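So the chains spell out like this:
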Amino acid sequence: GGGGGVGQRGRRRARRRGLVGAARGSRAASGGLAEIHASLRAAQLDVVDAAHIARGPEVDDVDRLTGFLRDQGVTPEHDLVIAVGGGSAIDLAKSGAALITQESRTSVLDYLEGVGQGRKIENPPLPVLPLSPHRRTGRQATKNAAIPSIDPPVRQTPRAKPAVRLNVTAATAHTVTAPLPVPP
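Scoring rules and cut-offs
- Residues numbered from 1 in each chain as written.
- Predicted model: local features only at pLDDT ≥ 70, side-chain atom pairs only at ≥ 80, totals over all residues.
- Heavy atoms only, no water.
- Helix = DSSP H or I, 4+ residues; strand = E, 2+ residues; numbered from the N terminus.
- Buried < 20%, exposed > 50% of the residue type's maximum accessible area, 1.4 Å probe, protein only.
- Contact = heavy atoms within 4.5 Å.
- Areas by Shrake-Rupley, 256 points an atom, 1.4 Å probe, with all protein chains shown as cover.
- Expected span 1.5 Å × (residues − 1).
- pLDDT = per-residue confidence, 0-100.
- Axes fitted to C-alpha atoms, helices over the stretch in contact; angles between N-to-C directions.
- Parallel < 35°, antiparallel > 145°, perpendicular 65-115°, else oblique.
- Left-handed = near helix turned anticlockwise from the far one by under 90°.
- Nonpolar A, V, L, I, M, F, W, Y, C, P; charged D, E, K, R; others polar.
- 1 Å grid on protein atoms, 1.4 Å probe; cavity = no way out; pocket = protein on both sides within 12 Å on 5 of 7 lines; lining within 4 Å.
- Points joined across faces, edges and corners; volume = space filled by probe spheres on them.
- Pairing = 2+ DSSP bridges.

**Notes on the overall build of the protein**
No. 1: Helices and strands together make up the secondary structure of the protein, namely 5 helices and 7 strands.
No. 2: In sequence order, the protein lays out its α and β elements as α-β-α-α-β-α-β-α-β-β-β-β.
No. 3: Looking at the protein as a whole, 47% of its 184 residues are labelled buried.
No. 4: Within the protein, residue pairs in contact and separated by at least 24 positions form 81% of the contacts whose partners lie at least 6 positions apart.
No. 5: Surface accessibility of the protein: about 8900 Å² in total, with carbon and sulfur atoms responsible for 49%.

The structure is reproduced here in structure tokens:
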């Protein structure tokens, strides 16, 4: 398995808890998610299941996660968002982590380039730790997150001021090696 070192990595970035967002599918089915939870608990971090996604995140998904994070009272000094899965889970985690620290309580739609109200991500986001079964997770370690909108029908990224960087770096990308289930 690959969840054993996650707790130590998470502990370096958070003091209180890890909020886990996961892609539905193989990690949860194979026990990889349970191993990640156990590693976080062993590092004395509380674990909160924040979201599960089975497709690319949409505006409603980001808004729902952001509302959940607000209800949990998360703070950048104490909390960490952990994305388990590929690009969908990572994009959802990055977007929620960025929006939760903004003063405005509006939808992610207002932050999408060329679509919303032109709002910009100004405050540093929560730290994000991406855990992926894919070798190329470093490609997701950017400040961008592609979020499609149905009305209007676009796929854009929340706009950040150039000086604001997400707390995701290629160095934090970690590969989860839980075995994939064998189809019948």
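**Description of helix α5 (residues 87–99)**
No. 1: Here α5 is 13 residues long and its end C-alpha atoms lie 18 Å apart, about the 18 Å a rise of 1.5 Å per residue gives.
No. 2: Counted residue by residue, α5 has 11 buried out of 13 residues, so it is predominantly covered.
No. 3: Those residues of α5 that fall on the buried side of the exposure criterion are A89, I90, D91, L92, A93, K94, S95, G96, A97, A98 and L99.

**Focus on the confidence of the model for the protein**
No. 1: Per-residue pLDDT for the protein has a mean of 74; in total, 66% of the residues score no lower than 70.
No. 2: Per-element mean pLDDT across the protein ranges from 40 in strand β7 (residues 174–175) up to 92 in helix α4 (residues 59–72).
No. 3: Scored below 50 in pLDDT, residues 162–184 makes 60 contacts in the model with residues more than four places away or belonging to other chains.

**Comments concerning the packing of α4 against α5**
The packing of two helices is summarised by the inter-axis angle and the distance between the axes.
No. 1: With their axes 9 Å apart at the nearest point, α4 and α5 run at an angle of 50° to one another. The angle between α4 and α5 places the two elements in the oblique class. Here the hand of the crossing between α4 and α5 comes out right-handed. For the pair α4 and α5, the contacting residues are D61, V62, L65, T66, L69 and R70 in the first and L92, A93, S95, G96, A97 and L99 in the second.
No. 2: Counted by class, the contact of α4 with α5 contains 7 nonpolar, 3 polar and 2 charged residues.

**Side note on the layout of surface pockets**
No. 1: Counted as a void, the largest pocket has a volume near 160 Å³.
No. 2: R24, A50, A51, H52, I53, A54, R55, D61, R64, L65, F68 and L92 are the residues that line the largest pocket.
No. 3: When contributions to the lining of the largest pocket are tallied by element, the ones reaching two or more residues are β2 (46–53) and α4.
No. 4: For the lining of the largest pocket, the class distribution of residues is 7 nonpolar, 1 polar and 4 charged.

**Points about unusual backbone geometry**
No. 1: Of note in this structure, Q44 is not a glycine but carries a positive phi near 65°.
No. 2: Structurally, Q44 can be placed in the loop between α3 (32–42) and β2.
No. 3: The exposure class assigned to Q44 is exposed, which follows from its relative accessible area of 63%.

**A short note on the pairing of strand β1 (residues 17–23)**
No. 1: With 6 of 7 residues buried, β1 is to be regarded as a mostly interior element.
No. 2: Here β1 pairs with β2 via 7 bridges, running parallel. Along β2, the bridge assignment pairs R17 with D46.
No. 3: Pairing of β1 with strand β3 (residues 79–84) involves 6 bridges; the strand directions are parallel. In the sheet register, V20 faces β3, and the bridge partner there is I82.

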